[in-house]
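# Topology and contacts: notes
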Amino acid sequence: MMVGGALYEGQENLLLEAGGPEWLTWREIANIIAEKTGRKSIKVIPIPAWFARVNRMVVKPFSGSAANIFAIGAFVADYQPRWESKGVVEKFNLPKQLTVPDYLDLNRQT
């Protein structure tokens, strides 16, 4: 999607929210990965938004990129966005998006 946006020749000022092609919780993702890898379960360790914000402030003087990762974590923990990508995929004429099972099947190590 980022490459599609960078190469897009349109002139309009766009704000894109993109994700998908399906909306899953971390628990659902962990369950899919466990099923695909033959594990009984995978433990999900939630990080509260306040913890991510504190870590962002601690690491910011040393690593702007690490601070940005914690900022994204805090945003997602607070907001839990449900971004839809269908419109973005169509506008940028992108290939079919992969679901988590599709991705795991394509990248399976034998």
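Report follows, based on the coordinates. Starting from 1, residues in each chain are numbered consecutively following that chain's sequence as written. Only residues with pLDDT of at least 70 are given local features in this predicted model, and only at 80 or more are side-chain atom pairs given and counted; all residues enter the totals for whole chains, interfaces and linings. The basis for the side-chain values is all heavy atoms of the structure; hydrogens and waters are excluded.

### Details of a nonpolar patch on the surface
- On the surface, Ile47, Trp50, Phe51, Val54 and Val58 cluster together to form a nonpolar patch covering roughly 500 Å² of accessible area.
- The way it works is that DSSP assigns letters per residue, a run of H or I at least four long becomes a helix, a run of E at least two long becomes a strand, and they are numbered from the N terminus. Tracing the backbone through its elements, the reader meets valine 58 in helix H3 (residues 49–59). Two distance rules govern patches: like charges are joined within 9 Å, and nonpolar side chains (Val, Leu, Ile, Met, Phe, Trp, Tyr) within 5 Å, applied only to residues with over 30% relative accessible area and no salt bridge. All accessible-area figures derive from a Shrake-Rupley calculation using a 1.4 Å probe, and residue coverage is judged against the displayed protein chains alone. Definition used for salt bridges: Asp or Glu carboxyl oxygen within 4 Å of a side-chain nitrogen of Lys or Arg.

### Comments concerning the packing of aromatic side chains
- When the centres of two rings from Phe, Tyr and Trp lie within 6.5 Å, Trp using its six-membered ring, the rings pair. Their planes under 30 degrees apart give stacked, over 60 give edge-to-face, and anything left gives tilted. Taken as a whole and judged by the stated rule, the model has 1 aromatic pair.
- Residues tryptophan 50 and phenylalanine 51 carry aromatic rings whose centres are separated by 5.7 Å and whose planes lie at 85° to one another, so their mutual orientation is edge-to-face.
- Using a relative accessible area of 37% as the deciding quantity, one classes phenylalanine 51 as partly exposed. Each residue is placed in one exposure class: buried if its accessible area under a 1.4 Å probe, protein chains only, is under 20% of its type's maximum, exposed if it is over 50%, and partly exposed if it falls in between.

### Brief notes about the packing of H3 against helix H4 (residues 64–79)
- Direction vectors running N to C along H3 and H4 enclose 165°, while the axes themselves pass 8 Å from each other. Judged by the angle between their axes, H3 and H4 are roughly antiparallel. Considering only the axes of H3 and H4, their crossing is left-handed. Residue-level inspection shows Ala49, Ala52, Arg53, Asn55, Arg56 and Val59 of H3 in contact with H4, the latter providing Ala66, Ala67, Phe70, Ala71, Gly73, Ala74, Ala77 and Asp78. The axes are straight lines fitted to the C-alpha atoms, using for helices just the contacting stretch, and the angles between their N-to-C directions are given from 0 to 180°. Any angle from 65 to 115 degrees is called roughly perpendicular, while one under 35 is roughly parallel, one over 145 is roughly antiparallel, and all others are oblique. We call a crossing left-handed when the near helix sits turned anticlockwise from the far one by less than a right angle, and right-handed when that turn is clockwise. Any two residues whose heavy atoms approach within 4.5 Å at even a single point are treated as in contact.

### Focus on the environment of methionine 57
- With respect to the secondary-structure elements, methionine 57 resides in helix H3.
- Taking the C-alpha atoms as reference points, methionine 57 and aspartate 105, 48 residues apart in sequence, are found 38 Å from one another.

### Things to note about the pattern of salt bridges
- Counted according to the given criterion, the structure contains 4 salt bridges.
- The salt bridge involving glutamate 12 is made with lysine 91; its shortest N-O contact spans 3.2 Å. With glutamate 12 in the loop between helix H1 (2–7) and helix H2 (26–37) and lysine 91 in helix H5 (residues 86–91), this residue pair connects regions lying 79 residues apart in the sequence.

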